[in-house]
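Observations on the three-dimensional arrangement
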Amino acid sequence: MADIADAALLRVLQLASPALPIGGYAYSQGLEYAIEQDWVTDLDSAAGWLTALASRSLGRLDIPLLLRQYAALEQQDATGFAAWNDWLLASRETAELYLEDSQQGGALLRLMKSLLIPAAQDWPTGEPLALISAFAMAGQHWRTGPSALALGVLWSWLENQTGAATKLIPLGQTDAQRLLDRLLPALPPIVELAAGLADEELGAGLPGLAFASARHEHQYTRLFRS
């Protein structure tokens with residue numbers, strides 16, 4: 001049992017690693033515009049911004065769908081998996097957020113195909129795949145378990161966002177670690193909440209994120225793609 005658990009943990013670490021070639025470091029999810037507008041200016045305001053995104057966006061949209069898609073793959077329910085993938089992509093509120101999701105999902109899909117993961121090989125050519133859907137494919141294939149996979153996805157997102165904040169505010173390396181230290185305890189409760197949501201409770205409504213992303217599309221000077 002220990003060997004199985006260790007192997008699953010290593011796969012979660014592989015998927016959460018910044019070395020995963022999907023380009024997660026290139027996206028700020030509206031943070032770049034929020035910093036330009038002085039909505040986010042320091043460690044405390046960065047913590048508030050990221051806490052809101054993690055709990056009210058990922059926790060009520062991405063992570064619940066990750067858990068559902070993992071279950072659909074376990075049950076060999078290809079129709080249900082595809083329906084949740086389409087639902088997730090349709091929930092992206094701006095062109096940037098849609099491209100961020102579909103481009104990273106496509107990059108992970110190509111990687112999984114090169115690793116001969118059956119669900120990836122069977123995915124219809126040219127059909128957009130959300131990043132969360134791709135994570136579900138890889139995690140279910142490698143038997144990570146849904147909760148561990150969800151924590152890994154949240155960690156990967158938080159690490160990328162902290163990296164963006166470090167460059168843009170800017171934060172020093174020590175403050176970046178303080179930011180991680182402040183937000184890490186909130187991640188397990190987010191997964192627990194996501195697991196208990198009914199279908200009719202799914203969905204995120206963060207007008208500030210949508211506005212920041214839409215404005216970022218026309219921002220004059222920017223380092224990030226979203």
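Structure: above.
Everything in this summary refers to the structure shown in the same document. (Residues numbered from 1 in each chain as written. Predicted model: local features only at pLDDT ≥ 70, side-chain atom pairs only at ≥ 80, totals over all residues. Heavy atoms only, no water.)

**Digging into the overall build of the protein chain**
Counting its regular elements, the protein chain contains 11 helices and 0 strands. Listed by position from the N terminus, the elements making up the protein chain come as α-α-α-α-α-α-α-α-α-α-α. Seen through its C-alpha atoms, the protein chain measures out along the principal axes to roughly 45 × 40 × 35 Å. By sequence separation, contacts in the protein chain at least 24 residues apart represent 80% of the contacts at least 6 residues apart. (Helix = DSSP H or I, 4+ residues; strand = E, 2+ residues; numbered from the N terminus. Contact = heavy atoms within 4.5 Å.)

**Structural notes on the layout of surface pockets**
The calculated volume of the largest pocket comes to roughly 710 Å³. Lining the largest pocket are 41 residues, and of these Gln 29, Glu 100, Gln 104, Leu 131 and Trp 157 sit closest to its centre. Here the lining of the largest pocket gets 9 residues from one element, more than from any other, and that element is helix H8 (residues 146-168). Tallied by class, the residues present in the lining of the largest pocket amount to 21 nonpolar, 13 polar and 7 charged. (1 Å grid on protein atoms, 1.4 Å probe; cavity = no way out; pocket = protein on both sides within 12 Å on 5 of 7 lines; lining within 4 Å. Points joined across faces, edges and corners; volume = space filled by probe spheres on them. Nonpolar A, V, L, I, M, F, W, Y, C, P; charged D, E, K, R; others polar.)

**A word on the packing of helix H5 (residues 95-114) against helix H7 (residues 131-142)**
It is at 7 Å that the axes of H5 and H7 come closest, and there the two elements cross at 25°. For the element pair H5 / H7, the angle class is roughly parallel. Residues Asp 101, Gln 104, Gly 105, Leu 108, Leu 109 and Met 112 of H5 form the contact with H7, whose participating residues are Leu 131, Ile 132, Ala 134, Phe 135, Met 137 and Ala 138. Taken together, the residues of the contact of H5 with H7 break down into 9 nonpolar, 2 polar and 1 charged. (Axes fitted to C-alpha atoms, helices over the stretch in contact; angles between N-to-C directions. Parallel < 35°, antiparallel > 145°, perpendicular 65-115°, else oblique.)

**Focus: unusual backbone geometry**
With omega at -5°, the peptide bond leading from Ile 169 into Pro 170 counts as cis. Examined against the element boundaries, Pro 170 turns out to sit in the loop between H8 and helix H9 (173-183). Even without being glycine, Gln 76 reaches a positive phi, approximately 55°. Mapped onto the fold, Gln 76 is located in the loop between helix H3 (43-74) and helix H4 (78-90). Overall, the relative accessible area of 73% leaves Gln 76 in the exposed class. The residue Leu 116 is not glycine, and still its phi comes out positive at about 65°. (Buried < 20%, exposed > 50% of the residue type's maximum accessible area, 1.4 Å probe, protein only.)

**Thoughts on a nonpolar patch on the surface**
There is a patch of nonpolar side chains on the surface, built from Leu 9, Leu 10 and Leu 13 and spanning about 300 Å² of accessible area. The exposure class assigned to Leu 10 is exposed, which follows from its relative accessible area of 55%. (Patch = residues over 30% accessible without salt bridge, like charges linked within 9 Å, V, L, I, M, F, W, Y side chains within 5 Å. Areas by Shrake-Rupley, 256 points an atom, 1.4 Å probe, with all protein chains shown as cover. Salt bridge = Lys/Arg side-chain N within 4 Å of Asp/Glu carboxyl O.)

**Re the pattern of salt bridges**
Throughout the structure, instances matching the rule amount to 6 salt bridges. Between Arg 143 and Glu 74 there is a salt bridge, and its shortest N-O distance comes to 2.3 Å. You can see Arg 143 sitting in the loop between H7 and H8 and its partner Glu 74 sitting in helix H3, a full 69 residues away along the chain. You can call Arg 143 exposed: its relative accessible area is 51%. What makes Glu 74 partly exposed here is its relative accessible area of 40%.

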